[in-house]
Amino acid sequence: RTMNTSVKTGNARGTGGLDCETRTKSFGDLKIEGKAVDEYTLEITANKPVPILPTRMGVVSLSSPNTPNDKLVLHPIGTGPYVFVKWTPGQEIILKRNEHYWGKKPVVEGARYIWRKESAVRAAMVKVGEADIAPNIAVQDATDASMDFSYPNSETTRLRIDVTRPPLNDRRVRLALNYAVDRKALRGSVLSKDVIPATQIVVPSINGHNPNLKVWPYDPAKAKALLAEAKAAGVPVDKQIEIVGRINIYPNATETMEAMMAMFQAVGFKVKLRMLEVAEWLDILTKPYAEDRGPVLLQAQHDNNNGDAVFSVFNKYACKGAQATTCDPKLDALIEKASTLSGDERRKTWQEVFRIINEDLVSDVWMYHMVGYSRVGKRINFTP
């Protein structure tokens, strides 16, 4: 009756940096104030019209007013079905059933989460009964149909182009990067055959997704021609570009970047690859950026399952966005407008925002809407 182990990938860290961007995704440039009306009523006021305010607040953590804003705590207070017992950063988290829970008593008495970086190790632990769930394993390890499940995980992968740094500040160069990628070759080889080539940062089920955008075709000849045209115009296309990747951001993350680096080199780019741990990668992902940085393509993955494009766009593309390298007044005005609209107007305005990002700015090398593979042990009844 105790769930033995959930084997997780990557690192566990005790800072606000890994709260899945809750603050920037939920609010961005939005400011809210709260006022206690009575013991059980809170009146919330925003600084501008927000038709979906309840949705935008749906992922906000509640904590004691004594909790520091810049870090998490080791003794959280809550009312959920499980109670925090122990956390050893990077190793394990232990929970036990909350016997005073106000709702239906959970069947499982406790849970232990441990971290193992290697996908094969995570899969093997479930196979032999040392663990019950491995939420994320690589496609090559998903070999047992009775235990392994594939599912869309709402993640979208891309290379974020730092459009402020030459030669990446030239649109022709950014187009050449997109034409250089053979997206079909990565499907069913390094990545799952089920991944979907992307054109924007939200998946098709999210309000504002633009279904009319086309995936950039694989056209190495056109990529070479664009580079030659840019070089003739004085753009320093021979300058070395760095791909900065994050270890285990998704299964086969390093192998994917190695394959894409080879594709860029094949059309004439000078590219090198540097894979980082989470903490170092976060410093490059989020402002303030280093003033002396060179041209960087940042391996990134974004999860929006909250129902609306607002959770993605301001943070990633607005001038004041915490993780934006773009700054376009026309785009900012449209983001501001879309955020205050509702219904069809909201959807169509977000779709135009995504068209500008993809076709006019070309601020990303788009990769895929991803799928995950989970391995689930025989002791529990769970389908991802």
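The rules behind each value
Residues numbered from 1 in each chain as written. Predicted model: local features only at pLDDT ≥ 70, side-chain atom pairs only at ≥ 80, totals over all residues. Heavy atoms only, no water. Axes fitted to C-alpha atoms, helices over the stretch in contact; angles between N-to-C directions. Helix = DSSP H or I, 4+ residues; strand = E, 2+ residues; numbered from the N terminus. Parallel < 35°, antiparallel > 145°, perpendicular 65-115°, else oblique. Left-handed = near helix turned anticlockwise from the far one by under 90°. Contact = heavy atoms within 4.5 Å. Nonpolar A, V, L, I, M, F, W, Y, C, P; charged D, E, K, R; others polar. Buried < 20%, exposed > 50% of the residue type's maximum accessible area, 1.4 Å probe, protein only. Polar contact = N/O pair within 3.5 Å; in protein donor to acceptor, adjacent residues only side chain to side chain. Core = buried A, V, L, I, M, F, W, Y, C linked by side-chain atoms within 4.5 Å. Phe/Tyr/Trp six-rings, centres within 6.5 Å; stacked < 30°, edge-to-face > 60°. Lys NZ or Arg CZ within 6 Å of the ring centre and 35° of its normal. Expected span 1.5 Å × (residues − 1). Salt bridge = Lys/Arg side-chain N within 4 Å of Asp/Glu carboxyl O. Disulfide = S-S within 2.5 Å. pLDDT = per-residue confidence, 0-100. Pairing = 2+ DSSP bridges. Patch = residues over 30% accessible without salt bridge, like charges linked within 9 Å, V, L, I, M, F, W, Y side chains within 5 Å. Areas by Shrake-Rupley, 256 points an atom, 1.4 Å probe, with all protein chains shown as cover.

Before we go on, may I ask you to explain the packing of helix α9 (residues 310–317) against helix α10 (residues 329–340) in this structure?
Each packed pair of helices is defined by two parameters, the angle between the axes and the distance between the axes. One way to put it is that α9 packs onto α10 with a least axis distance of 11 Å and a crossing angle of 155°. Our classification of the angle between α9 and α10 gives roughly antiparallel. Handedness of the α9/α10 crossing: left-handed. The segment α9 lies against α10, with Val310, Val313, Phe314 and Tyr317 engaging Leu331, Asp332, Ile335 and Ser339. Among the residues forming the contact of α9 with α10, the class breakdown is six nonpolar, one polar and one charged.

For this particular structure, what's the right way to read the side chain of Ser154?
Residue position: Ser154 is located in strand β8 (residues 148–161). In this structure Ser154 comes out as buried when scored by relative accessible area, which is 14%. Polar side-chain contacts of Ser154 include one of 2.4 Å to the side chain of Asp303. Setting aside residues no more than four positions away along its own chain, Ser154 makes contact with Val203, His302, Asp303, Asn304, Asn305 and Met370.

What is the right way to read the nonpolar core from this model?
Looking at soluble globular proteins, one finds that nonpolar side chains tend to be buried together. Counting 60 residues, the largest nonpolar core has Met260, Phe264, Phe269 and Leu297 as its most contacted members. If near-sequence neighbours (up to four positions away) are discounted, Met260 is found in contact with Leu159, Val181, Leu186, Val365 and Met367. If you look at the next biggest cluster of nonpolar residues, it comprises 24 residues, including Ile52, Phe311, Tyr317 and Ala318.

Where do I start with the packing of aromatic side chains in this structure?
Overall, the coordinates contain three aromatic pairs when judged by the stated rule. With a centroid separation of 5.1 Å and an interplanar angle of 50°, the aromatic rings of Tyr101 and Trp102 are classed as tilted. Plain terms: the ring middles of Tyr179 and Trp216 are 5.6 Å apart, the flat faces sit at 75° to each other, and that makes the pair edge-to-face. Placement of the pair is Tyr179 in helix α4 (residues 171–179) and Trp216 in the loop between β9 (196–197) and α6 (220–232), with a sequence separation of 37 residues. Accessibility assignment for this pair places Tyr179 and Trp216 in one class, buried. Across from the ring centre of Trp281, 4.8 Å away, lies the NZ or CZ of Arg246, which sits over that ring.

Help me understand helix α11 (residues 343–361), please; the structure alone is not making it clear to me.
Note on helix geometry: an α-helix contains 3.6 residues per turn, so any two residues three or four positions apart are oriented the same way. With 19 residues, α11 extends 26 Å between its outermost C-alpha atoms, agreeing within 8% with the 27 Å of an ideal straight helix rising 1.5 Å per residue. Those residues of α11 lying buried are Arg346, Thr349, Trp350, Gln351, Val353, Phe354, Ile356, Ile357, Asn358 and Leu361. Considering only its buried residues, α11 is in contact with α4, α9, α10 and β13 (364–376). Following α11 by one or two positions, Val362 adopts a phi angle in the positive range, close to 50°.

Before we go on, may I ask you to explain the pattern of salt bridges in this structure?
Pairing between side chains of opposite charge can happen when the charged atoms of each approach one another. A full pass over the atoms with the stated rule returns 21 salt bridges. Of the charged contacts in the structure, one is a salt bridge between Glu336 and Lys48, with a shortest N-O distance of 3.2 Å. Here Glu336, found in helix α10, pairs with Lys48, found in the loop between β3 (41–46) and α2 (53–56); they are 288 residues apart in sequence, far enough to count as distant. Lys48 gets classed as buried once you look at its relative accessible area, which sits at 13%. Put simply, Arg172 and Asp170 hold a salt bridge, and the shortest N to O gap is 2.9 Å. On the basis of relative accessible area, Arg172 is assigned to the partly exposed category, the value being 23%. The exposure class assigned to Asp170 is buried, which follows from its relative accessible area of 12%. Overlapping salt bridges, with partners in common, bring together Glu352, Arg355, Glu359 and Asp360 in one network.

Any chance you could explain the state of the cysteines here in plain terms?
Working definition of a disulfide: a covalent bond connecting the sulfur atoms of two cysteines. One pass over the full model with this rule turns up one disulfide. Note that Cys319 is cross-linked by a disulfide to Cys327, the S-S spacing being 2.1 Å. Since a negative S-S torsion denotes a left-handed disulfide, the Cys319-Cys327 link at about 100° is right-handed. Residue Cys319 is classed as partly exposed on the basis of its relative accessible area of 22%.

Looking at this structure, I do not really get the confidence of the model for the protein. What am I missing?
Predicted coordinates in areas of low pLDDT are best not read in detail. Taken as a whole, the protein shows an average pLDDT of 90; of its residues, 93% reach a score of 70 or greater. Across residues 11–19, where pLDDT falls below 50, the model places 23 contacts with residues more than four positions away in sequence or in other chains.

What am I meant to see in the pairing of strand β12 (residues 296–303) here?
Note on strand geometry: in a regular strand, side chains alternate between the two faces of the sheet. Burial of β12 is extensive: eight of the eight residues sit out of reach of the surface. The two faces of β12 match: Val296, Leu298, Ala300 and His302 on one face and Leu297, Gln299, Gln301 and Asp303 on the other face are all buried. In this sheet, β12 lies alongside β8 in antiparallel orientation, the contact comprising seven bridges. Residue pairing for β12: Thr156 is matched across the bridge by His302.

Please clarify how a nonpolar patch on the surface should be interpreted in this entry.
Together, Ile32, Leu42 and Ile44 make up a nonpolar patch on the protein surface, roughly 230 Å² of accessible area in all. By the element assignment, Ile32 lies in strand β2 (residues 32–38).

Honestly, the environment of Arg375 in this entry has me stumped. Any pointers?
Its place among the elements puts Arg375 in strand β13. Under the relative-accessibility criterion, Arg375 is labelled buried at 4%. In this structure the side chain of Arg375 is engaged in a polar contact, spanning 2.7 Å, whose partner is the side chain of Asp148.

How do you make sense of the side chain of Thr156 when you look at a structure like this?
Within the element layout of this structure, Thr156 appears in strand β8. At a separation of 3.4 Å, a polar atom in the side chain of Thr156 contacts the main-chain carbonyl oxygen of Ile201. A polar contact is formed between the side chain of Thr156 and the side chain of His369, at a distance of 2.9 Å. Aside from chain neighbours lying at most four places away, what touches Thr156 is Ala198, Gln200, Ile201, Val202, Val203, Ala300, Gln301, His302, Trp366, Tyr368 and His369.

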